[in-house]
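What follows is each chain in one-letter form.
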Protein chains: 2
Amino acid sequence: MRLRAEPLSRAAFEAFGDVIETSGLSGESINRGSTQKFADLARLELGNGGRAALHIFKSEAAPMPFRIESLERHMLGSQAFIPLHDRPFPVVVAAPGDEPDAGRIRAFITNGCQGVNLRPGTWHHYLLCLGQPSDFLVIDREGEQVDCETWELAEPLILDYGPTP
Amino acid sequence: MRLRAEPLSRAAFEAFGDVIETSGLSGESINRGSTQKFADLARLELGNGGRAALHIFKSEAAPMPFRIESLERHMLGSQAFIPLHDRPFPVVVAAPGDEPDAGRIRAFITNGCQGVNLRPGTWHHYLLCLGQPSDFLVIDREGEQVDCETWELAEPLILDYGPTP
């Protein structure tokens, strides 16, 4: 089974979380006119008995085609991934639910200027990046107990995405 | 009065907040070995009756030399600025206190791979960037009431920093 990557957009990603981007939005002028502020680009949910945490993930490029074998979810907090570079990366998700609906797993590819914020409960593959090692800023919730469940797929999905030639 | 920009480092910035960088740290291997996680790079304080918020600031380059005429502070929450590019930017701060000590205002210049997280109460100039328009991810606290006090300096300070020739 192959998984086709769709272009990431706010509308397409609505069931899974937020697309962190300024495209199509108008900013508010602040700082004596030197800055446009694009406010509240993600619904961060970082409390719930835990605390807000900020990390940097340094990821190796995933070999393509890539075997999607498992998904994970965090029930208690959102998780945001913002690339510290301007290259597309794939986002593999399935809607919240007791288990992922294997037939409705979706893959999105960012346009290079987008991050994502996964809603609590959204099933997702761990961070993948393409082409070269890449740094991501990650904002999530940390708590006393581990808030990560993993689901192994009965059949792996094959995600194939190469940079546009 | 001129303000000299010092290189930003964790040690030098300790009184003001966190430097968000991976340099000198060892990560933890996650995601089946594909990712190094550099955890908890900032002490985010985003609660205090408010909520965590995420913004993108698109800033015009500040003309150099730049007149530092005022500082501001947020008492109830931290404020993080992470560049979405790899160019240095200046950070002008003064230690928390009822008013900034004008003789102890300091300017730092990032190395291009650093962000900052300002501790609640740290006096700071609004975001400045150099050379070309730049995008920053901003993570701060939003609440019902505005949490921003501004202090006008009796004498402006002149910040002069040009890119290394």
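Let me sum up the structure you'll find in this document.

Procedures and definitions
Residues numbered from 1 in each chain as written. Chains lettered and ligands numbered in written order. Predicted model: local features only at pLDDT ≥ 70, side-chain atom pairs only at ≥ 80, totals over all residues. Heavy atoms only, no water. Least-squares fit on C-alpha atoms with pLDDT ≥ 70 in both. Contact = heavy atoms within 4.5 Å. Buried area = accessible area lost by both parts, 1.4 Å probe. Salt bridge = Lys/Arg side-chain N within 4 Å of Asp/Glu carboxyl O. Polar contact = N/O pair within 3.5 Å; in protein donor to acceptor, adjacent residues only side chain to side chain. Helix = DSSP H or I, 4+ residues; strand = E, 2+ residues; numbered from the N terminus.

### Some remarks on the relation of the copies chain B and chain A
- The two copies are related by a screw operation: chain B maps onto chain A through 180° of rotation and 0.0 Å of translation along the axis, at an RMSD of 0.0 Å. What the superposition gives is, in effect, a two-fold axis relating one chain to the other. Scanning chain B for the C-alpha nearest the rotation axis identifies Leu84(B), at a separation of 2.6 Å.
- Comparing interface residues between copies, 100% of those in chain B also lie at the interface in chain A; the contact surface is shared.

### Observations concerning the interface of chain B and chain A
- Every contact between the two is made by 37 residues of chain B and, on the other side, 37 residues of chain A.
- Buried surface at the junction of chain B and chain A, both sides included, amounts to about 3,300 Å², of which 57% is carbon and sulfur.
- Taken together, the links from chain B to chain A amount to six salt bridges.
- Taking the shortest distance from any N to any O, the salt bridge between Glu142(B) and Lys37(A) comes out at 3.9 Å.
- Run the count over chain B and chain A and you get 20 residue pairs in polar contact (both at pLDDT 80 or more).
- The set of elements that each furnish at least two residues to the side of chain B that touches chain A consists of β5 (35–38), β6 (51–59), β7 (66–73), β8 (79–83) and β13 (134–142) of chain B.

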